[in-house]
Structure formats: C-alpha cells, structure tokens
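# Structural description and commentary
The chain contents come next:
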Amino acid sequence: MDIQGFLDIQKQEFLRGAIDERELERRMDRLEKVVDTIPSRYAVLMGDVVIRHVEVIKP
C-alpha cells in the first residue's frame, strides 16, 4: 500500500489550494476505512517495498 505516496499527493493538493481542509479530512477518513477493511490474514507492506506478484491497494 502506497500510503506515503497518497499522503504526498494530499499534501501537494492542499498546499496549492486544490482541496480544502474538509476535503483533506474526508480523504484521510477514506484512507482509514480502506486500511480497516483489509482482512487480518493479509500482510500489509508499504508501497516502497519492491515485491512482485502481489495486489496493490490504492487508497
């Protein structure tokens, strides 16, 4: 899961005024929901880990 990439995009959009604080909060809530729905039997690796043949979850 590329959480760092997601956070970087949100920061960039917020700083340049493309999204407001309310939209940023909504997107962060969505990220939390995505993470919460990952079954406990899955191992979650951050997106900067290089690995092949795995499903990538985009928040």
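All of the points below concern the structure found in this document. Keep in mind that this is a model prediction, so the values were computed, not measured. (Residues numbered from 1 in each chain as written. Predicted model: local features only at pLDDT ≥ 70, side-chain atom pairs only at ≥ 80, totals over all residues. Heavy atoms only, no water.)

Within the secondary structure layout, Glu13 lies in helix α1 (residues 3-15). With sequence-adjacent residues up to four places away left out, Glu13 is seen in contact with Ala18, Ile19 and Arg27. (Helix = DSSP H or I, 4+ residues; strand = E, 2+ residues; numbered from the N terminus. Contact = heavy atoms within 4.5 Å.)

Here we take up the pattern of salt bridges. All chains considered together, the criterion is met by three salt bridges. Across the pair Glu23 and Arg26 runs a salt bridge, and its minimum N-O distance is 2.7 Å. Separated by three residues within a single helix, Glu23 and Arg26 lie in helix α2 (residues 21-36), roughly one turn from each other. Residue classification places Arg26 among the partly exposed positions, given a relative accessible area of 48%. With a closest N to O distance of 2.9 Å, Arg27 and Glu23 form a salt bridge. Of the two residues, Arg27 and Glu23 both sit in helix α2, four residues apart, roughly one turn of that helix. (Salt bridge = Lys/Arg side-chain N within 4 Å of Asp/Glu carboxyl O. Buried < 20%, exposed > 50% of the residue type's maximum accessible area, 1.4 Å probe, protein only.)

Next up on the list: α1. Its 13 residues give α1 an end-to-end C-alpha distance of 18 Å, which sits within 8% of 18 Å, the value for a rise of 1.5 Å per residue. Buried positions along α1 lie against α2. After α1 finishes, the residue Gly17 shows a positive phi value of roughly 85°. (Expected span 1.5 Å × (residues − 1).)

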